[in-house]
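# Summary of structural features
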Amino acid sequence: MKRIITTSVTIIASLALIGFILTKNKQENEEKIAIVAEKNASVSVKVATVKTEEISLDFAANGLIEPIQELTLTSEKTGKVVQILAKEGDYVTKGQTLAVLRGDAINVNAQAAEAVYQNAKADYSRFESAFQTGGVTKQQLDQARVALSNAEANYKQAKINIGDTRIKAPINGFINKKYIEPGTIIMAMPATSLFDIVNVSKLKLNVTVNENQVANLKVGNNISITTNVYPDKEFTGKITFIAAKADTSLNFPVEIEINNNNNNDLKAGMYGTAQFKSTQQQQMMTVIPRTAFVGSVSSNEVFVAENGIAKLKKVTAGRILGDQVEILGGLSDGETVITTGQINLQDGNSIEIIK
């Protein structure tokens, strides 16, 4: 009995000690959390100063360079390829023969069609002479005329079919890919792909510009084009299209046609930069970084840092100038706007400015 009592007391004492230790640890953790919370009460942000400066209205826009013409040549006739006359990388001209199909059966059909045509001509000539002397009726002469017309049409089609054995390039350009080899059986339905042809003598660069920028552009304007691949070379482009309607991102698509150089250095698929020169002189304007806006420029809201406090302000945004935005109202020179960390801010939060 005494042993049982001793054991019970020991267990109770142990539990009490464990409870005391846990309570003490909890208090220490709460104190640490409170200290951390106190230290982290301020939101870390970066800032920039509102300033009025001379701004150039020139701007650049990036886009993908595309060929002025490209197509995949497909088959219109069924046949077996017997000869390939162009390979990948070759420059071909419109009308040049690229491949030849087997034409034995087609030639035989053409010879038969020619024989029928010649026979119909002879028959019509005889019927016409006989009609003059009353040997045949007008109806018989008309039937001979119809037979001649049908035979002539069949003969012309047979000659066209002979020409169809020679696959010809429909445009000037480079053979970018060849899909067939000698012995390939090509089909008309479904059509067999034969060659990819790309014309890069001229190319086009598609870019987008905002509403302020598009207002100063016109079809026919000359544009300087640069690329990262050829940093020391400048290419000449001309605006050929300006969209009449903005896309879903409220930008306007612009197409620029580029003259390639004699070496055809520009390739379809490269990235290019269009350098737009403004006709207006540099202007003095108040600007802030684009990143200062809460959400997007269209929100017209920014946080201003005042004595360690973030204050939300309404502003009037003007033109977007690259990574800066013109401010028409709501801010003054020398004020400090918050450029990063806004996602964690609410009006009146304490802030810590970091470099």
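Residues numbered from 1 in each chain as written. Predicted model: local features only at pLDDT ≥ 70, side-chain atom pairs only at ≥ 80, totals over all residues. Heavy atoms only, no water.

Moving on to the side chain of Asn260. When you line up the elements, Asn260 lands in the loop between strand 13 (252-259) and strand 14 (271-276). According to the relative accessible area criterion, Asn260 is buried, its value standing at 11%. Within the structure, the side chain of Asn260 is placed 3.0 Å from the backbone oxygen of Val200, a separation counted as a polar contact. Within the structure, the side chain of Asn260 is placed 3.4 Å from the backbone nitrogen of Asp265, a separation counted as a polar contact. When neighbours within four sequence positions are excluded, Asn260 is seen to be in contact with Val200, Ser201, Leu203, Phe235, Asp265 and Leu266. (Helix = DSSP H or I, 4+ residues; strand = E, 2+ residues; numbered from the N terminus. Buried < 20%, exposed > 50% of the residue type's maximum accessible area, 1.4 Å probe, protein only. Polar contact = N/O pair within 3.5 Å; in protein donor to acceptor, adjacent residues only side chain to side chain. Contact = heavy atoms within 4.5 Å.)

Moving on, we get to the sheet that holds strand 6 (residues 97-101). Within the open sheet, the four strands sit side by side as 7-6-4-9. Their pairing is antiparallel. Unpaired on one side and paired on the other, strand 7 (166-168) and strand 9 (185-186) mark the two borders of the sheet. Here two bridges tie strand 4 (residues 79-84) to strand 9, and the two strands are oriented antiparallel to one another. Among the inter-strand pairings, Gly79 is bridged to a residue of strand 9, identified as Ile186. (Pairing = 2+ DSSP bridges.)

In terms of nonpolar packing, the biggest core is built from 23 residues, with Leu205, Val209, Ile225, Ile256 and Phe276 touching the most fellow members. Listed by contribution, the elements that provide at least two residues to this core are strand 3 (59-74), strand 10 (193-209), strand 11 (222-226), strand 12 (235-242), strand 13 and strand 14. It is strand 10 that contributes the most residues to this core, six residues altogether. Ignoring anything within four residues of it in the chain, the contact list for Ile225 reads Leu205, Lys233, Glu234, Phe235, Gly237, Ile256, Ile258, Thr273 and Ala274. (Core = buried A, V, L, I, M, F, W, Y, C linked by side-chain atoms within 4.5 Å.)

Overall, the coordinates contain two aromatic pairs when judged by the stated rule. Between the aromatic rings of Phe59 and Phe276, the centroid separation amounts to 4.7 Å while the plane-to-plane angle is 15°, which identifies the pairing as stacked. Taken together, the positions of Phe59 in strand 3 and Phe276 in strand 14 put the pair 217 residues apart, joining distant regions of the chain. The interplanar angle of 65° and the centroid separation of 5.1 Å between the aromatic rings of Tyr91 and Phe174 together place this pair among those described as edge-to-face. Residue Tyr91 is located in strand 5 (residues 91-92), and its partner Phe174 is located in strand 8 (residues 173-178); the two are separated by 83 residues in the primary sequence. Positioned above the aromatic ring of Tyr230, the side-chain terminus of Lys233 is 4.9 Å from the ring centre. (Phe/Tyr/Trp six-rings, centres within 6.5 Å; stacked < 30°, edge-to-face > 60°. Lys NZ or Arg CZ within 6 Å of the ring centre and 35° of its normal.)

Looking at the secondary structure, you find Val43 in strand 1 (residues 43-49). Residue classification places Val43 among the buried positions, given a relative accessible area of 15%. Look past the residues within four positions of Val43 in its chain and what remains in contact with it is Gly341, Asn344, Leu345, Ser350, Ile351 and Glu352.

Attention now goes to the environment of Asn210. Its location among the elements puts Asn210 in the loop between strand 10 and helix 4 (211-214). Apart from residues no more than four positions distant in its own chain, Asn210 is found in contact with Asn251, Phe252 and Ile320. A polar atom in the side chain of Asn210 sits 2.9 Å from the backbone nitrogen of Gln213.

Another point: unusual backbone geometry. One non-glycine residue, Asn300, lies in positive phi territory at about 55°. Judged by its relative accessible area of 24%, Asn300 is partly exposed.

The subject of this paragraph is the pattern of salt bridges. In this structure the tally under the stated criterion is 12 salt bridges. Each member of the salt-bridge network shares a partner with another, and the members are Lys138, Asp142 and Arg145. (Salt bridge = Lys/Arg side-chain N within 4 Å of Asp/Glu carboxyl O.)

A word on the side chain of Gln342. Looking at the secondary structure, you find Gln342 in the loop between strand 20 (336-340) and strand 21 (351-353). A polar contact of 3.5 Å, which involves the side chain of Gln342, links it to the backbone oxygen of Thr339. Not counting residues within four places of it along the chain, the set of residues in contact with Gln342 comprises Thr291, Ala292, Phe293 and Phe303.

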